[in-house]
Amino acid sequence: MSTVSRYTGLIEHYRDRLPVSDDTRIISIGEGNTPLVRLENIPREIGKDIDLYIKYEGLNPTGSFKDRGMTMAVTRAMEEGSRAVLCASTGNTSAAAAAYAARAGMTAFVIIPEGMIALGKLAQAMIHGAVVIQIRGNFDDGMRLVKEVAEHAPVTIVNSINPYRLQGQKTAAFEIVDALGRTPDFHCLPVGNAGNITAHWIGYSEYAGMSTQACAFCGGDCKHPCAAVSDKRPVMVGYQASGAAPFLRGEMVDHPDTVATAIRIGHPQSWDQAWKVREESGGWFDECTDEEILAAQKLLTSKEGIFCEPASATSVAGALRDIKAGKIPEGSCVVCTLTGHGLKDPDTAIKQCEGDMLTVDAELDAVKKAILDNLA
Ligand code: AN7
């Protein structure tokens, strides 16, 4: 028996549950298989008996969960003979599209809102060689343009309206059940376009043998076995930033605004699907202020050593509030997805800590004093 066990990405790992054939050339950079980290200090600090995990999606190759969808979308675009991919993005989708297109030898066109994407994401799109088109408008304008222009140019849209994106992203739910050996009671996610919450629900449903939705999404050519590997699905909870919370307003928001630029989205593309997830799972939507989001980001970095970008911290901000309030009861097993890495947005992180840095003369006495004054 071979002892070789190099991990080669989520399509290979969950191959029989994804729409690929034996001859499909898989475009992978080793995405997926991200850690499920149990939080230790935060639950103790809030005094609640809760089994709280974060799914660290920032540890994917380009630093966000988008890689899960992009490996699948670009693999299928290649297979169908497409030479270029196109997306609108608040940043992470553009980074993933740029990287996977580079790997596939395709051209990536990315439409981004001028001045509104985090520095790391812009760097990624540019260094991977994407054609970056900044628009004087927001993500929702970009999404509208993507749909319009795709009718006039030979490009494959790789936003989450591409059903293969959700097929790739559903594997995060598989990994969680596989890692825990059970389905969590609650799964909390930040919500922008609501593609990810929809994808998780497809994954959990498939694992529970209730996969009607999954087959519809892959056009009936997926080969997933219908045998259940889990006995239930979690309650799905979606949190939005208050300034960009169409699911809380009950209607589209025309001028979304939040420090969490990744989820600065007012016209979610998976609107109907997300309401269905809420209904079928018995879950809910709620909102977090920018202050709550940044506080949760800081809490995770300072108490658990986990650095996520602001949008990601929305899941923890909301979950902690609902745990404290008892809406998520003690004794529950809860997973919060941290969608993107903190290094994506160094500006916001540094701004949060302004004044925390010491500047002293390059002398022993000065450095010694700085240390002794600050020993806890
Ligand atoms: C870190 O990159 O829409 O609810 O264009 O980057 O599935 O949209 C990003 C979305 C959460 C929201 N967290 O997920 C894009 C983009 C982070 C994100 C979301 C995004 P969806």
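Given the structure is predicted, the values throughout are model-derived calculations rather than measurements. (Residues numbered from 1 in each chain as written. Predicted model: local features only at pLDDT ≥ 70, side-chain atom pairs only at ≥ 80, totals over all residues. Heavy atoms only, no water.)

Asks: Please clarify how the overall build of the protein chain should be interpreted in this entry.
Replies: Regarding its fold elements, the protein chain presents 16 helices and 10 strands. The globule rule puts the C-alpha radius of gyration for 376 residues at 21 Å, and the 21 Å found for the protein chain is close to it. Oriented by its inertia axes, the alpha-carbon framework of the protein chain measures out at about 65 × 55 × 45 Å. The burial tally for the protein chain puts 56% of its 376 residues in the buried class. Within the protein chain, counting contacts between residues at least 6 apart in sequence, those at least 24 apart form 71% of the total. With the model as given, the accessible surface of the protein chain reaches about 16,200 Å², and the carbon-plus-sulfur share is 52%. The averaged location of the 47 negative side-chain charges in the protein chain is 3 Å from the averaged location of its 36 positive side-chain charges. (Helix = DSSP H or I, 4+ residues; strand = E, 2+ residues; numbered from the N terminus. Rg over C-alpha atoms; globule rule 2.2 N^0.38 Å. Buried < 20%, exposed > 50% of the residue type's maximum accessible area, 1.4 Å probe, protein only. Contact = heavy atoms within 4.5 Å. Areas by Shrake-Rupley, 256 points an atom, 1.4 Å probe, with all protein chains shown as cover. Lys, Arg positive; Asp, Glu negative; His and termini not counted. Charge placed at Lys NZ, Arg CZ, Asp CG, Glu CD.)

Asks: Teacher, can you tell me more about the packing of helix H9 (residues 195–207) against helix H12 (residues 271–281) here?
Replies: The packing of two helices is summarised by the inter-axis angle and the distance between the axes. Taken N-terminus to C-terminus, the directions of H9 and H12 make an angle of 45 degrees; their axes are 9 Å apart at the nearest point. One way to sum up the angle between H9 and H12 is to call them oblique. Here the hand of the crossing between H9 and H12 comes out left-handed. Contacts from Ile 197, Thr 198 and Trp 201 of H9 reach H12 at Gln 273, Ala 274, Val 277, Glu 280 and Ser 281. Class assignment for the residues of the contact of H9 with H12 results in four nonpolar, three polar and one charged. (Axes fitted to C-alpha atoms, helices over the stretch in contact; angles between N-to-C directions. Parallel < 35°, antiparallel > 145°, perpendicular 65-115°, else oblique. Left-handed = near helix turned anticlockwise from the far one by under 90°. Nonpolar A, V, L, I, M, F, W, Y, C, P; charged D, E, K, R; others polar.)

Asks: Explain the pairing of strand E5 (residues 131–135) here, please?
Replies: For a regular strand, side chains alternate in direction, first toward one face of the sheet and then toward the other. Pairing between strand E4 (residues 107–113) and E5: five bridges, direction parallel. Bridging from a neighbouring strand, Phe 109 pairs with Val 131 of E5. Where the polypeptide runs from E4 across helix H5 (residues 119–127) and back to E5, its parallel neighbour, the crossover connection is right-handed. (Pairing = 2+ DSSP bridges. Right-handed = clockwise from strand over helix to strand, strands pointing away.)

Asks: In this structure, what is going on with the site of the ligand? I would like to understand it.
Replies: The environment of the ligand is made up of 24 residues, and the closest members are Asn 92, Thr 93, Asn 193, Ala 194 and Thr 339. Lys 66 has a polar side-chain atom sitting 3.5 Å from an oxygen atom of the ligand. Taken atom by atom, the bulk of the ligand overlaps the largest cavity. Those elements giving two or more residues to the shell around the ligand turn out to be helix H4 (92–104), H9 and helix H14 (310–324). Grouping the constituent residues of the shell around the ligand by class yields 10 nonpolar, 12 polar and two charged. (Near = heavy atom within 4 Å. Polar contact = N/O pair within 3.5 Å; in protein donor to acceptor, adjacent residues only side chain to side chain. 1 Å grid on protein atoms, 1.4 Å probe; cavity = no way out; pocket = protein on both sides within 12 Å on 5 of 7 lines; lining within 4 Å. Sits in = over half its atoms within 2 Å of the grid points.)

Asks: When you look at the pattern of salt bridges in this model, what are you seeing that I'm missing?
Replies: Pairs can form between side chains of opposite charge once their charged atoms are near each other. Applying the stated criterion across every chain yields a total of 20 salt bridges. For the salt bridge of Asp 141 with Arg 144, the shortest nitrogen-to-oxygen distance reads 3.4 Å. Placement of the pair is Asp 141 and Arg 144 together in helix H6 (residues 139–149), with a separation of three residues, close to one helical turn. On the basis of relative accessibility, which here comes to 42%, the residue Arg 144 falls in the partly exposed class. Of the charged contacts in the structure, one is a salt bridge between Arg 182 and Asp 185, with a shortest N-O distance of 2.9 Å. (Salt bridge = Lys/Arg side-chain N within 4 Å of Asp/Glu carboxyl O.)

Asks: Looking at this model, I keep getting lost on the sheet that holds E4. Mind explaining?
Replies: Through backbone hydrogen bonds, the strands of a sheet pair up, either in parallel or in antiparallel fashion. Here four strands make up an open sheet; going across it, the order is E5-E4-E3-E6 and the pairing parallel. Lying at the two open borders of the sheet, with one neighbouring strand each, are E5 and strand E6 (156–157).

Asks: I tried to follow the nonpolar core on my own but got confused; where do I start?
Replies: One recurring pattern in soluble globular proteins: nonpolar side chains tend to sit buried together. Ranked by size, the top nonpolar core spans 33 residues in total, and within it Leu 52, Ile 54, Cys 188, Tyr 239, Val 316 and Ile 328 carry the most contacts. Listing elements by their share of this core, those giving two or more residues are strand E2 (51–56), strand E7 (186–190), strand E8 (235–241), strand E9 (284–288), helix H13 (290–304), H14 and strand E10 (333–338). Ranked by residues supplied to this core, first place goes to H14 with seven residues. Counting 27 residues, the second largest nonpolar core, distinct from the first, contains Leu 18, Leu 189, Ala 194 and Trp 201. (Core = buried A, V, L, I, M, F, W, Y, C linked by side-chain atoms within 4.5 Å.)

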